[in-house]
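Each chain, written out:
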Amino acid sequence: MSLRSNRIGEQIQKELGEIITRKIKDPRVGFVTVTDVRVTGDLQQATVYITALGNEKERQESLAALVKATGFIRSEIGQRIRLRRTPEITFEFDASVEYGNKIEELLRSINKD
């Protein structure tokens, strides 16, 4: 990614955190954290990586609620960040946090032995 797309990704991540915690009133959206935003070089698409607390069903419901609110989220970002075109937003779960926890637990079990 270019420097500009990185900066815009960071700005979108910051704004998304605020929008999700303060503006979205859907009760299905639990404790969601935006871990990363990847914006394409032409600034047309943004992939938002999230983590959510809860079991698998609650996480899937949070993701479904965010997908349903994508239009609202995109319009809010368009108002907050002045771009010629607001990127299309897609949400995905960030598996790196779970992977890191698994590695950490394995290291702890090795150190106990």
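Residues numbered from 1 in each chain as written. Predicted model: local features only at pLDDT ≥ 70, side-chain atom pairs only at ≥ 80, totals over all residues. Heavy atoms only, no water.

Basically, it comes down to this: UniProt positions are given in the numbering used here, feature names are shortened, and annotations may be inferred rather than shown by experiment.
If you look the protein chain up in an unreviewed UniProt entry, it shows as Ribosome-binding factor A from Ureibacillus acetophenoni. Word for word, the UniProt comment on the protein chain under Sequence similarities (unreviewed entry) is "Belongs to the RbfA family." Quoted verbatim from the Function (unreviewed entry) heading of the UniProt record, the comment on the protein chain is "One of several proteins that assist in the late maturation steps of the functional core of the 30S ribosomal subunit. Associates with free 30S ribosomal subunits (but not with 30S subunits that are part of 70S ribosomes or polysomes). Required for efficient processing of 16S rRNA. May interact with the 5'-terminal helix region of 16S rRNA."

## Considerations on the sheet that holds strand 3 (residues 88-93)
As a general point, the strands of a sheet are linked pairwise by backbone hydrogen bonds and lie either parallel or antiparallel. Put simply, the rule is: DSSP calls a pair of strands paired once it identifies at least 2 bridges connecting them. The helix count covers DSSP runs of H or I at least four residues long, the strand count covers runs of E at least two residues long, and both are numbered beginning at the N terminus. What counts as an axis is a line fitted to C-alpha atoms, over the stretch in contact for a helix, and the angles between N-to-C directions run from 0 to 180 degrees. Note on definitions: a residue-residue contact is assigned when non-hydrogen atoms from the two residues lie within 4.5 Å.
Spatially, the three strands line up as an open sheet ordered 1-2-3, and their pairing is mixed. Single-partner strands in this sheet number two, and they are strand 1 (32-39) and strand 3. Going from strand to strand, the sheet's axes swing by 25° on average, the running direction of each strand aside. Sheet topology note: the strand 2 (residues 45-52)/strand 3 ladder contains six bridges and is parallel. Looking across to strand 3, one finds that Gln 45 is bridged to Glu 88. Lying over the sheet, helix 2 (residues 56-68) contacts strand 1, strand 2 and strand 3, oriented at roughly 180° with respect to strand 3.

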